[in-house]
Amino acid sequence: MSNNRGEVIDRAASVPGPAFSPDREVLRIAFLALHVAMIALGCLAFATVVDVIGRNTPAGFTVRGIYEVSGLVMAVIIAAAAAPAFLLRRNVGMELLVPLLGERSLLTAVASIAETAFLLLLAWRLHAKAADALEFQDTTSLLGLSIAPFWFAASYCLFFAGTATLWKTGGHLLALRKTDPRRLLRPALILTLIGAAVAGILASLVAADATPGWQAGAAFLALYLLIVAGIPIGISLGLTGFGFLYLVIGEPQALAIVENETARALSSDSLAAIPLFLLMGSLAVQAGLAGDIFKAASRFTAGFRGGLSIASVIGCGAFGAISGSSIATTATFGKVAFSEMKQRGYDSGLATGTLAAGGTLGALIPPSVVLIIYCVLVEVSIQEAFIASLIPGLLAMGLYLVAVVVQVRLRPDLAPQAEGFDAREAMRSMAVAWRPILLFLMVLGGLYGGVFTTQEAAAVGAVLAFAFAVTSKGFSLRALLDGFAETAVNTVVIYVIVIGANIFAAYLTLTDITTSVLSVVDLETTPHWLILLVIMAMYLVLGSVFDTVAAVLVTAPFVIPLISGMGYDLIWWGVITLSLVEIGMITPPIGVNVFVMKSVIGTAAPIKTIFKGIVPFLAADLIRLAVLTLFPILTLWLPKVL
């Protein structure tokens, strides 16, 4: 989304459509609901911080009932932010057919129809849940609040989002009328064939003799066909799961599963940390913490050749621990560090490769949004996983530093002479960087020290980052609102994938996919190292083309049974999975971080230069992957100690 909210509204409202299509005012209402939701998220964070402070004081007071209400409030917050995310088409998808068909408008219309159907399905089921809660007079335990109003509010927000998306769909369909029919013939034929294939797969499951293995395999085939057709991944997961549930167990049970899985995801205490961590990262960017980190790191590395590249790696790791996002880390540090490195005479390949690779540290060094989702999926401790990922994250950073040092030692022309270390300047820069240091210590120190839960650590970080943002020199209300909007939209995108994955996983559970997978792969005769090698190769490929969250969720149903069956620790595997997917983000030909870096620097360097600069860091990644695989103790030792 653009950083200028007015430009976003202008662009979205200009999409052609019928008289009843969402115009500028409807989009304004959507953003108003979004900002109200984010203010509510901020209030929830403040209340959580007050509760944390209160229970650690001699008086020992708490905010009564905050945890039983927070899940319900979070459900309304996510639902209220849904409309802008769908209207701006931010859901993660694969545009694999666009280069083949040369026609985007038809694919957009099909995806929009699927999004509308999914939103209205979720809204309908949440409304049914609210009606049940009202009928049975369900209340919270401590405060005795009625649960029904929260679910009614969430359902109405999703109905609004679904209706607005339906109007936008009408605009896309009317726009097709102006397109030359001959241009639409080929894409329409291909989409019809894909639709027929999906319908045939669904119909085949009506047969009573369909085996569980065939049922699971057919679901995956239908899922991948929808993804190839351009339907967003979360929507494809949800609709495929619902369709197969409907055929196998009938309408009432299928609708009940959709209702339960949607409500469970929206009100999850564990997932509630995600929007708070994303908000913390967004506010940290506005507060200029990335610049503080880079300046401090560059002062300490000034005595080394390639000092700015070394500082960039350290800075990406530190800022990644604040933002929890690889793409955000790459984009932010790309703006902060690239121009300064070029002014000092650094080689473009070294500069861009350092920043694109360094950005991947953002998803491995805790707090990691993807690791939270993985832990919720496989039902392991988030705190333990965060602790386990610390040493692998530091190892990744250390190997990247070695990669920089080796490059400038072998080819001194890549970087200028060292400027010389000034201890006084270095200490002064540490004083300037007190804000990110304090944020880092408060969030991770409290988390590792057992003072905070994951959600509490995220709330403390968000409140502290908010204080830094509003007191920074460049603060503006518009920038704050834009940061809120970006956080909300990214949060909705993640929740859509999680909800879709939950519905799809519910169907796979019915097929007993664990038994099916283990019947295909004989763990007694097949070497475990060979199975791991095949899975790792798959993740490297997927990471280069898939969104990180989607890659983990789509593959988990058949990968996790294998890992468990071989007796490996699931927290260790979560760290390995994260490493694999992040390596994929800089792996040619479609490394996502590479293209993010390219978008930041524009014409300053060609894409092939960035890929060339990535190569030494890929070598470091492969070494790290081998070490973590051969020595699981590096991942599992610290959680046992703490």
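What counts and how
Residues numbered from 1 in each chain as written. Predicted model: local features only at pLDDT ≥ 70, side-chain atom pairs only at ≥ 80, totals over all residues. Heavy atoms only, no water. Helix = DSSP H or I, 4+ residues; strand = E, 2+ residues; numbered from the N terminus. Rg over C-alpha atoms; globule rule 2.2 N^0.38 Å. Areas by Shrake-Rupley, 256 points an atom, 1.4 Å probe, with all protein chains shown as cover. Lys, Arg positive; Asp, Glu negative; His and termini not counted. Charge placed at Lys NZ, Arg CZ, Asp CG, Glu CD. Expected span 1.5 Å × (residues − 1). Buried < 20%, exposed > 50% of the residue type's maximum accessible area, 1.4 Å probe, protein only. Contact = heavy atoms within 4.5 Å. Axes fitted to C-alpha atoms, helices over the stretch in contact; angles between N-to-C directions. Parallel < 35°, antiparallel > 145°, perpendicular 65-115°, else oblique. Left-handed = near helix turned anticlockwise from the far one by under 90°. Nonpolar A, V, L, I, M, F, W, Y, C, P; charged D, E, K, R; others polar. Patch = residues over 30% accessible without salt bridge, like charges linked within 9 Å, V, L, I, M, F, W, Y side chains within 5 Å. Salt bridge = Lys/Arg side-chain N within 4 Å of Asp/Glu carboxyl O. Phe/Tyr/Trp six-rings, centres within 6.5 Å; stacked < 30°, edge-to-face > 60°. Lys NZ or Arg CZ within 6 Å of the ring centre and 35° of its normal. Core = buried A, V, L, I, M, F, W, Y, C linked by side-chain atoms within 4.5 Å. pLDDT = per-residue confidence, 0-100. Polar contact = N/O pair within 3.5 Å; in protein donor to acceptor, adjacent residues only side chain to side chain.

(A) The arrangement of the overall build of the protein chain in detail. Within the protein chain, the secondary structure is distributed over 30 helices and 0 strands. Taking 26 Å as the expected radius of gyration for a compact globule of 642 residues, we find that the protein chain reaches 25 Å, a close match to that expectation. Projected onto its principal axes, the C-alpha coordinates of the protein chain cover approximately 75 × 60 × 60 Å. Total accessible area on the protein chain stands at roughly 25,700 Å², and carbon and sulfur atoms take up 67% of it. Within the protein chain, one finds 36 positive and 37 negative side-chain charges whose respective centroids are separated by 13 Å.

(B) Highlighting helix α13 (residues 289-300). Along its 12 residues, α13 runs 17 Å from first to last C-alpha, staying within 8% of the 16 Å computed at 1.5 Å per residue. In terms of burial, α13 is largely enclosed, as 9 of its 12 residues are buried. Leu 289, Ala 290, Gly 291, Asp 292, Ile 293, Phe 294, Ala 296, Ala 297 and Ser 298 are the residues of α13 that are buried. Summarising the contacts, the buried residues of α13 are in contact with α12 (273-286), α14 (307-323), α15 (326-343), α20 (423-432), α21 (434-448) and α22 (454-470).

(C) Quick peek at the packing of helix α6 (residues 105-135) against helix α7 (residues 148-176). The geometry of α6 relative to α7 is characterised by a closest axis approach of 8 Å and an angle of 160° between their N-to-C directions. The orientation of α6 relative to α7 falls into the category roughly antiparallel. Relative to α7, α6 is oriented so that their crossing is left-handed. Here the contact of α6 with α7 is composed, by residue class, of 24 nonpolar, 11 polar and 3 charged.

(D) Structural context of the packing of helix α18 (residues 369-378) against helix α26 (residues 548-565). Packing of α18 against α26 leaves a shortest axis separation of 10 Å and a crossing angle of 25°. Here α26 runs roughly parallel to α18, going by the angle between their axes. The crossing of α18 and α26 is right-handed. Within the contact between the two elements, α18 uses Val 370, Ile 373, Tyr 374, Leu 377 and Val 378 and α26 uses Thr 548, Val 549, Val 552, Leu 553, Ala 556 and Ile 560. Its residues placed into classes, the contact of α18 with α26 shows 10 nonpolar, 1 polar and no charged.

(E) Structural view of the environment of Ala 216. In this structure, Ala 216 sits in helix α9 (residues 212-228). C-alpha separation for the pair Ala 216 and Gly 565, spaced 349 residues apart in sequence, amounts to 19 Å. Apart from the residues lying within four places of it in its own chain, the contact partners of Ala 216 are Tyr 507, Leu 508, Thr 511 and Ile 513.

(F) Molecular detail of the side chain of Ser 112. With respect to the helices, strands and loops of the structure, Ser 112 is situated in helix α6. Under the relative-accessibility criterion, Ser 112 is labelled buried at 2%. Apart from residues no more than four positions distant in its own chain, Ser 112 is found in contact with Arg 89, Thr 165, Lys 168, Thr 169 and His 172.

(G) Fine view of a nonpolar patch on the surface. Nonpolar side chains collect at one region of the surface, where Phe 300, Phe 421, Met 427, Met 430, Ile 437, Phe 440 and Leu 441 lie side by side and expose about 640 Å² of accessible area between them. Here Phe 421 lies in the loop between α19 (382-410) and α20.

(H) Fine view of the pattern of salt bridges. Scanning the entire structure with this criterion turns up 9 salt bridges. Its salt-bridge partner being Arg 435, residue Asp 292 comes within 2.7 Å of it at the nearest N-O pair. You can see Asp 292 sitting in helix α13 and its partner Arg 435 sitting in helix α21, a full 143 residues away along the chain. Accessibility expressed as a relative area gives 11% for Asp 292, which makes it buried. Several salt bridges share partner residues, and in doing so they unite Asp 51, Arg 55 and Glu 456 into one network.

(I) Layout of the packing of aromatic side chains. Inspection of every chain in the model, using the stated rule, returns 15 aromatic pairs. Measuring from centroid to centroid gives 6.0 Å for Phe 152 and Tyr 156, while their planes differ by 20°, and the two rings are stacked. With Phe 152 and Tyr 156 both in helix α7, this residue pair falls 4 residues apart, about one helical turn. Judged by centre distance (6.0 Å) and plane angle (50°), the ring pair of Trp 572 and Trp 573 falls under tilted. Classification of Trp 572 by relative accessible area gives buried; the value is 2%. Three or more aromatic residues link up through ring pairs in this structure, and these residues are Tyr 539, Tyr 568, Trp 572 and Trp 573. The ring of Trp 124 is capped by Arg 125, whose NZ or CZ atom sits 4.8 Å from the centre of that ring. Between the NZ or CZ atom of Arg 435 and the centre of the ring of Phe 468, over which it lies, the distance is 5.9 Å.

(J) Main features of unusual backbone geometry. Positive phi is not limited to glycine here, since Gln 137 has a value of about 55°. Residue classification places Gln 137 among the exposed positions, given a relative accessible area of 66%. Even without glycine at this site, Glu 379 takes up a positive phi of about 60°. Assignment of secondary structure puts Glu 379 in the loop between α18 and α19.

(K) Layout of the nonpolar core. Among the nonpolar cores identified, the biggest contains 221 residues, and Trp 151, Phe 333, Ile 373, Tyr 374 and Trp 573 are the most heavily contacted of them. Here the element with the most residues in this core is helix α23 (residues 477-510); it accounts for 20 residues. Residue contacts for Tyr 374: discarding those within four places in its chain leaves Val 552, Ile 560, Leu 570, Trp 573 and Gly 574.

(L) Representation of the confidence of the model for the protein chain in the model. Mean pLDDT over the protein chain stands at 82; residues scoring 70 or higher make up 91%. With pLDDT under 50 throughout, residues 1-22 is counted as low confidence; its partners more than four residues away or in other chains account for 51 contacts.

(M) Layout of α21. Spanning 15 residues, α21 covers 20 Å between terminal C-alpha atoms, matching the ideal 21 Å at 1.5 Å per step. Along α21, the positions that sit buried rather than exposed are Arg 435, Pro 436, Leu 439, Val 443, Leu 444, Gly 446, Leu 447 and Tyr 448. Where α21 terminates, the next one or two residues include Gly 450, which has phi positive at roughly 80°.

(N) Looking closely at the environment of His 35. Looking at where His 35 falls in the secondary structure, it is placed in helix α2 (residues 24-55). For the pair His 35 and Leu 122, spaced 87 residues apart in sequence, the C-alpha separation works out to 22 Å.

(O) Just the environment of Met 430, in detail. Topologically, Met 430 is positioned in helix α20. Residue Met 430 is classed as partly exposed on the basis of its relative accessible area of 32%. Filtering out sequence-adjacent residues up to four positions away, Met 430 remains in contact with Phe 300 and Ile 437.

(P) Examining the side chain of Glu 456 more closely. Mapped onto the elements of the fold, Glu 456 is located in helix α22. Within the local environment of Glu 456, its side chain forms a polar contact with the backbone nitrogen of Thr 453, the two atoms lying 2.9 Å apart. Dropping the residues within four chain positions of it, Glu 456 is found in contact with Thr 48, Asp 51, Val 52, Arg 55, Tyr 67 and Val 451.

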